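# Topology and contacts: notes
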Amino acid sequence: MKLELERLSKQFKNKIAVEDVSTVLTEGIYGFLGANGAGKTTLIQMICGIVEPTAGEVKLDGKNTISMGEDFRDLLGYLPQEFGYTPGFTAKDFMLYISSIKGLEPRFARKRTEELLRLVNLEDEANHKVRTFSGGMKRRLGIAQALLNDPRILILDEPTAGLDPKERVYFRNLISGMSRDRIIIISTHIVSDIEYISDRILVMKKGRFILDGPAEELVREVDGGGWECAVPRKEWPEFEQEQCIVNAHNRDHVVEARVVSRKMPREGARMVEPTLEDLYLEYFGDEL
Ligand SMILES: Nc1ncnc2c1ncn2[C@@H]1O[C@H](COP(=O)(O)OP(=O)(O)OP(=O)(O)O)[C@@H](O)[C@H]1O
């Protein structure tokens, strides 16, 4: 399976949300990483056929996905960033409702609903109303509905929004354990959501992919390196202004900081292995 994004652009009035984006995706897990407003949602909506590109096209195995119509939608599972749950429905009713929209046969839909609610750890809440669910539970239900038709292409827009740390780990294991015959796209601004499970990370900034590769390769792009140093508290305000700080930990008289810098940020700083988080901050630190 080959999903090709060919010179995709989207312009909203004066705003170019996505600009001339091209890439080829085959079976595997892809992390679309970027700050808020980078264009991830618009790009995903073009891939799903919800937003019409201003220019360019999406092709699956050489066929334009818009002309494929239903045949493409049957292969697609999508979790939007904002999901319109019907709060009066139970989790099970909701899954059956989405199944009917997707045209699944009722007996198959009931079986699949049971399996998926178990998979996302909501089997005990199957008959509880969605309005009683926490943000994390709703997100898990959203992931379950995206899987109803056993999609070959699964697209999850900010799937971990509202999940607590334990649920995030559960989500990562869930995705990485999925069969390898799908294309899975995860959009996020949280590096740890995709760092270890993605085969490729595509970093998006101002509507374009600015970096593309496996996490270990991207880390080599960190300009300079990661550093750790202890900064006396009274020097901290100035230091913080001048440096790209990844982490800061207040101790008694010093602040222990992790910094990304081309040169040694201060006397006594120790060079450490750069991480993907360092790279992200180097590229997006000015937008936080
Ligand atoms: N319907 C629209 N009309 C006008 N501008 C839009 C529209 N949708 C998105 N934009 C703009 O396009 C840019 C990209 O937005 P998009 O939602 O795709 O980014 P994102 O990376 O998904 O960010 P977020 O995670 O905050 O949704 C933003 O500047 C946004 O304001």
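The notes below deal with the structure included here.

Procedures and definitions
Throughout, a residue's number is its position along its own chain's written sequence, starting from 1. Totals for whole chains, interfaces and linings use all residues, but because this is a predicted model, local features are given only for residues with pLDDT of at least 70 and pairs of side-chain atoms are given and counted only at 80 or more. Hydrogens and waters are ignored; side-chain quantities use all the structure's heavy atoms. Two strands are counted as paired when DSSP detects at least two bridges linking them. Helix and strand assignments follow DSSP, with helices taken as H or I runs no shorter than four residues and strands as E runs no shorter than two, numbered in order from the N terminus. Note on definitions: angles span 0 to 180 degrees between N-to-C directions of axes, and those axes are lines fitted to C-alpha atoms, for helices only across the stretch in contact. Among buried residues, those of type Ala, Val, Leu, Ile, Met, Phe, Trp, Tyr and Cys that are joined through side-chain atoms within 4.5 Å constitute a nonpolar core. Note on exposure labels: buried denotes an accessible area under 20% of the residue type's maximum, exposed denotes more than 50%, and partly exposed covers the range between, all computed with a 1.4 Å probe on protein chains only. Counting rule applied: Lys, Arg positive; Asp, Glu negative; His and chain ends not counted. Here, a salt bridge means any Lys or Arg side-chain nitrogen found within 4 Å of an Asp or Glu carboxyl oxygen. By definition, residues are in contact when any of their heavy atoms lie within 4.5 Å. Distances are taken per atom, and a residue is near a molecule or strand as soon as one of its heavy atoms is within 4 Å of it. Side-chain atoms alone can form a polar contact between residues adjacent in sequence; in general such a contact is a pair of N or O atoms within 3.5 Å, and within protein one must be able to donate a hydrogen while the other accepts it. To measure how exposed things are, a 1.4 Å probe is used in the Shrake-Rupley method; for residues, cover is taken only from the protein chains shown. Residue polarity is assigned by list, with Asp, Glu, Lys and Arg as charged and Ala, Val, Leu, Ile, Met, Phe, Trp, Tyr, Cys and Pro as nonpolar; anything else, Gly included, falls into the polar class.

## Quick look at the sheet that holds strand S12 (residues 244-250)
Pairing is antiparallel in the open sheet, where four strands are placed in the order S12-S13-S11-S14. Since the sheet does not close on itself, it has two edges, and those belong to S12 and strand S14 (270-272), each with one partner. Ignoring which end each strand starts from, the neighbouring axes of this sheet average 25° apart. In terms of strand pairing, S12 meets strand S13 (residues 254-261) through six bridges, oriented antiparallel. Paired with Ile 245 across the bridge in S13 is Val 259.

## What to know about the nonpolar core
Judged by nonpolar contacts, the single largest core of 52 residues is most densely connected at Leu 141, Leu 156, Ile 175, Ile 186, Ile 201 and Leu 276. Judged by nonpolar contacts, the second largest core, of 28 residues, contains Cys 48, Val 51, Ile 185 and Leu 202.

## Considerations on the side chain of Lys 40
Checked against the element boundaries, Lys 40 lands in helix H1 (residues 40-48). Comment: no salt bridge for buried Lys 40; closest opposite-charge side chain is Glu 158, at 4.2 Å. If we ignore the near neighbours within four places in the chain, the residues touching Lys 40 are Phe 32, Leu 33, Gly 34, Ala 35, Glu 158, Ser 187, Thr 188 and Met 204.

## Re the sheet that holds strand S8 (residues 183-188)
Within the open sheet, the six strands sit side by side as S6-S7-S8-S3-S9-S10. Their pairing is mixed. In this open sheet, the two edge strands, each paired with only one partner strand, are strand S6 (76-79) and strand S10 (208-213). Averaged over all adjacent pairs, the angle separating strand axes in this sheet is 15°, with direction ignored. As paired elements, S6 and strand S7 (residues 153-157) share four bridges and run parallel to each other. The partner of Leu 76 across the bridge, within S7, is Ile 153.

## Considerations on the site of the ligand
Looking at the ligand, there are 13 residues lining it, with Gly 37, Gly 39, Lys 40, Thr 41 and Thr 42 nearest. Within the contact set of the ligand, an oxygen atom lies 2.7 Å away from a side-chain nitrogen or oxygen of Thr 41. Contacts to the ligand include Glu 158, whose side-chain N or O atom sits 3.3 Å from an oxygen atom. Here the ligand has 630 Å² of accessible area as a free molecule, and 63% of this is covered by the chains. Listing elements by their share of the shell around the ligand, those giving two or more residues are strand S2 (15-25) and H1. Each residue belonging to the shell around the ligand can be placed in one class, and the counts come to four nonpolar, six polar and three charged.

So yeah, pure geometry; function would need other evidence.
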